[in-house]
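Summary of the model geometry
So the chains spell out like this:
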Amino acid sequence: MSKIQVLDTVTIDKIAAGEVIERPASVVKELVENAIDAGATAVVVEIQEGGTSLIRIADNGCGIEKEEVPNAFLRHSTSKIRSVDDLVHIGSLGFRGEALSSIAAVSQVELITKTKEQTFGTRYRINGGKEVDLEDTGARDGTTFLIQQLFYNVPARRKFLKTPMTEASHVGDLMTRLALSHPEISFQFINNGQSRLHSSGNGKLRDVIYHVYGRDIASNLLKVNASTEDTGIKITGFLGKPVISRGNRNFENYFINGRYIKSGIVTKAIEEAYKPLMMQHRYPFVLLYLQMEPEVLDVNVHPRKMELRFQNNELVFAAVKEALVHALSHKELIPQVELTASGGRAKKEEEKQRQKTLNLSPEPFETKRMGLYEQTLKQLTSMPEDAFLRERSSFL
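Because the structure is predicted, anything quoted here is derived from the model rather than measured. (Residues numbered from 1 in each chain as written. Predicted model: local features only at pLDDT ≥ 70, side-chain atom pairs only at ≥ 80, totals over all residues. Heavy atoms only, no water.)

Looking at the packing of helix α2 (residues 24-37) against helix α6 (residues 164-181)
- At a minimum axis separation of 9 Å, α2 and α6 run at an interaxial angle of 25°. In this view, α2 runs roughly parallel relative to α6, as classed from their interaxial angle. As α2 packs across α6, the resulting crossing turns out to be right-handed. Taken together, the residues of α6 that come into contact with α2 (itself represented by P24, A25, V28, K29, V32 and I36) are E167, H170, V171, L174, M175 and L178.
- Grouping the amino acids of the contact of α2 with α6 by side-chain chemistry returns 9 nonpolar, 1 polar and 2 charged. (Axes fitted to C-alpha atoms, helices over the stretch in contact; angles between N-to-C directions. Helix = DSSP H or I, 4+ residues; strand = E, 2+ residues; numbered from the N terminus. Parallel < 35°, antiparallel > 145°, perpendicular 65-115°, else oblique. Left-handed = near helix turned anticlockwise from the far one by under 90°. Contact = heavy atoms within 4.5 Å. Nonpolar A, V, L, I, M, F, W, Y, C, P; charged D, E, K, R; others polar.)

Considering helix α10 (residues 313-329)
- Counted at 1.5 Å a residue, the expected span for α10 with its 17 residues is 24 Å, and the 24 Å between its end C-alpha atoms agrees.
- When we look at burial in α10, the residues that qualify are V316, A319, V320, A323, L324, A327 and L328. With its buried residues spanning 150° around the axis, α10 presents them on a single face. Turned more than 90 degrees away from the buried face of α10 sit E314, E322 and S329, all of them exposed.
- Against β9 (221-228), β10 (233-240), α9 (264-274), β13 (286-291) and β15 (309-310) lie the buried residues of α10.
- You can read the cap of α10 off the contacts: a side-chain oxygen lies 3.2 Å from the backbone nitrogen of E314, and it is on N312. (Expected span 1.5 Å × (residues − 1). Buried < 20%, exposed > 50% of the residue type's maximum accessible area, 1.4 Å probe, protein only. Arc of directions from axis to C-beta. Polar contact = N/O pair within 3.5 Å; in protein donor to acceptor, adjacent residues only side chain to side chain.)

Quick word on the packing of aromatic side chains
- Going through the model one piece at a time under the given rule, you end up with 6 aromatic pairs.
- For the ring pair F255 and Y260, a centre distance of 5.7 Å and an interplane angle of 55° mean the geometry is tilted.
- With a relative accessible area of 1%, F255 lands in the buried category.
- When the ring of F255 is compared with that of Y289, the centres are 5.3 Å apart and the planes differ by 20°; the resulting orientation is stacked. With a gap of 34 residues between them, F255 in strand β11 (residues 252-256) and Y289 in strand β13 connect regions that are remote in the sequence.
- Taken together, the ring pairs in this structure connect Y213, F251 and F285 into an aromatic cluster.
- Across from the ring centre of Y260, 4.3 Å away, lies the NZ or CZ of R177, which sits over that ring. (Phe/Tyr/Trp six-rings, centres within 6.5 Å; stacked < 30°, edge-to-face > 60°. Lys NZ or Arg CZ within 6 Å of the ring centre and 35° of its normal.)

Some thoughts on the side chain of R123
- Mapped onto the elements of the fold, R123 is located in strand β4 (residues 121-127).
- Side-chain polar atoms of R123 contact the side chain of E110, separated by 2.9 Å.
- Only 2.6 Å separates the side chain of R123 from the side chain of E135, close enough to count as a polar contact.
- Apart from the residues lying within four places of it in its own chain, the contact partners of R123 are E110, L111, I112, D133, L134, E135 and T137.

Some points on the pattern of salt bridges
- Taken as a whole, this structure holds 10 salt bridges when the rule is applied.
- Notably, a salt bridge pairs R125 with D133, separated by 2.9 Å at the nearest N-O pair.
- Taken together, the shared-partner salt bridges connect E110, R123 and E135 into one network. (Salt bridge = Lys/Arg side-chain N within 4 Å of Asp/Glu carboxyl O.)

So, the packing of α9 against α10
- Interhelical geometry of α9 versus α10 gives an angle of 30° and a closest axis separation of 8 Å. For the element pair α9 / α10, the angle class is roughly parallel. With respect to the hand of their crossing, α9 and α10 are arranged in right-handed fashion. Note on element contacts: α10 touches α9 through N313, V316, F317, V320, K321, L324, V325 and L328, opposite I265, V266, K268, A269, I270, E272, A273 and Y274.

Some details on the pairing of β11
- In terms of burial, β11 is largely enclosed, as 5 of its 5 residues are buried.
- The two faces of β11 match: E252, Y254 and I256 on one face and N253 and F255 on the other face are all buried.
- As paired strands, β11 and β13 are joined by 5 bridges and run parallel to one another. Its bridge partner being in β13, N253 is matched across the sheet by L287.
- Pairing between β11 and strand β12 (residues 259-260): 2 bridges, direction antiparallel. In the sheet register, F255 faces β12, and the bridge partner there is Y260.
- Remark: 2 residues form the turn of the hairpin made by β11 and β12, two consecutive strands paired antiparallel; N257 in that turn has positive phi of roughly 55°. (Pairing = 2+ DSSP bridges.)

Here's the deal with the sheet that holds strand β8 (residues 194-198)
- Spatial strand order, β5-β4-β3-β6-β2-β1-β7-β8: 8 strands in an open sheet with mixed pairing. Because the sheet does not close on itself, it has two edges, and the strands there are β5 (130-137) and β8. Each strand axis lies, on average, 10° off the axis of its neighbour in the sheet, ignoring direction.
- Here α2 sits on the sheet in contact with β1 (42-48), β2 (54-59), β6 (142-148) and β7 (186-191), set at roughly 10° to β2.
- Each of β1, β7 and β8 touches α6; the most contacted strand, β7, lies at about 170° to it.

Don't take any of this as a statement about function, it's just geometry.
Laid out in structure tokens, this is it:
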């Protein structure tokens, strides 16, 4: 058996990168979340060849001070927390301090950043975890990352990547979720020179839903706004009517304290609420935002921060299900069929003619004929039978 020894820094960084950086979308997720935490109101993401050859992420956030730039790429360096006590009060999307070091360990990174107080920006290059240079440069306020040749020094990881089209679709799905989770931020996604997504950042969630999913879904939504004082859970967002159900769970999106996650507890509550209204193996469109105290969550579960634990699973399940059942049972879910303009006018005219026919009074000539008939009938009844038959036949 080999002797136990401490691994070198480069090997340690590459192992850590394997836990955080799975594919190009993982890089985009970490860097865009950092941009959101930096107070950016506009973020541009551009990729080429699915993100394997180039990823460019630019934001207008607060930037990084020049003297802090090298430290940002060290393992477990972060501006989000200061001690273990801060882990129970996390309000930011990132906090581990592993993202930049992991990305730099498996790619060629160039960083251009500038704060509002600085006259010049800072340009920093690091390849495979090794610093190349640090210099002043002209730059606008904010931060720009250029990630080139992802996994160039870890070919075993690179060969497990999918086709550029598949990797680009993963980045596109990620950008869609980020735009939905932060409608107040303008996101632009560019793939091989073509703009695929560009949200306005006006803070209107319905506009983002319309832009991403189209008119059919945007016009069949029910609003959710529920909060309970005893649980401290606030639930807002939109529910799709059962008529826009899908055959998979891709349209079940929910965010907890601004963080996109996957939770079996929340998924089960959603589907239980829709169960009486949905056919088997059909799944609803759901866009929910859950706000709760950070103390009742444990987000330090997985390096990619896609999972979390609740302090009380039953409480969360009941709160989500009750909010959805209330929204679904107090709305009219029967589809409304509206007539077209021409069809509506024709229908009104037909109804008017029908009412007119029912209320018709006898014509003047008909009134006279009926009166003459009644008078003649009275005269005939007083005549002998043979005379009555002759007069009756002549009258008819």
